[in-house]
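Structural overview
Each chain, letter by letter, is given below.
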Amino acid sequence: MLNKLRSSLEGLLRRIAWIISKTRVTPNQLTLSTILLALAGYVLTIQYKTPFILLATILTTGFLDAIDGSLARLTNTASRRGAFLDSFTDRICEIIYSLTLIELGFNTKLVLLYLAFSLMVSYTRARGESLGVNMSGVGLMERAERLIGLSIILLLYAYIPDIALLLFIVLTILTGITVLERFLYAWRVLSSQSADRS
């Protein structure tokens, strides 16, 4: 869903990437910096116990995640290795975000369930595409939607934590539904491919 919005913002991202390209910063360095920022957010949250730190971390790392691809294309350094690194760091950041939610007082079992669903959303896409299924845009809660959902929840958590926790339950359920959506989609496509070959 938000991939369409990202496409419409590609011009702005390219301009920002052009500015960054004038420095010595590489796309892979931008990608790796998201892990450092996520870890810094985790450590600061342990100390200050405020949701605004994780909110700022998610917004900043999300911005860098959007820029690194544009920078790679602009500088003709896009590669499969870079794409792999990007996906890898995204998953590490999601794990760190979840640990930070626990530090903020979110229910541990619920956070672990949310994290499991989030990782399964990514896994079903990766495994499906490795089998030749185009999974782009499949499912309600892709990574961008989940991060926006988390950002709203964290903002609310600072003022009305009961509502925020309820919305986190909803986000977890919707993420689980996304796993099911992707599984069923890949299953249908693979089944039809098998039928075509027989």
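For the structure itself, consult the block above.
The structure reproduced in this document is the subject of the present report. Small disclaimer: the values here were computed from a predicted structure and weren't measured.

Broken down by element type, the protein carries eight helices and zero strands. In the protein, the succession of helices and strands from N to C terminus is α-α-α-α-α-α-α-α. Relative to its length of 198 residues, the protein is compact, with a C-alpha radius of gyration of 18 Å against a globular reference of 16 Å. If you line up the protein on its principal axes, its C-alpha atoms span 60 × 45 × 25 Å. Contacts in the protein between residues far apart in sequence, at least 24 positions, make up 80% of those at least 6 positions apart. Accessible area of the protein: about 11300 Å², with a carbon and sulfur share of 68%.

Turning next to helix α4 (residues 51-74). The end-to-end C-alpha distance of α4, which contains 24 residues, comes to 35 Å, matching closely the 34 Å that a straight helix rising 1.5 Å per residue would cover. Remark: Asn76 follows α4 within two positions and exhibits a positive phi of approximately 55°.

By size, the foremost hydrophobic cluster in this structure holds 22 residues, and its most contacted members are Leu101, Phe106 and Phe168. Those elements that place two or more of their residues in this core are α3 (27-48), α4, α5 (80-103), α6 (108-130), α7 (143-157) and α8 (161-197). Ranked by the residues each element gives to this core, the list is headed by α7, at five residues. Apart from residues lying up to four places away in sequence, Leu101 is in contact with Leu54, Phe106, Val111, Leu150, Leu154 and Phe168. If you look at the next biggest cluster of nonpolar residues, it comprises eight residues, including Leu13, Leu30, Ile67 and Leu71.

Calculation rules
Residues numbered from 1 in each chain as written. Predicted model: local features only at pLDDT ≥ 70, side-chain atom pairs only at ≥ 80, totals over all residues. Heavy atoms only, no water. Helix = DSSP H or I, 4+ residues; strand = E, 2+ residues; numbered from the N terminus. Rg over C-alpha atoms; globule rule 2.2 N^0.38 Å. Contact = heavy atoms within 4.5 Å. Areas by Shrake-Rupley, 256 points an atom, 1.4 Å probe, with all protein chains shown as cover. Expected span 1.5 Å × (residues − 1). Core = buried A, V, L, I, M, F, W, Y, C linked by side-chain atoms within 4.5 Å. Buried < 20%, exposed > 50% of the residue type's maximum accessible area, 1.4 Å probe, protein only.

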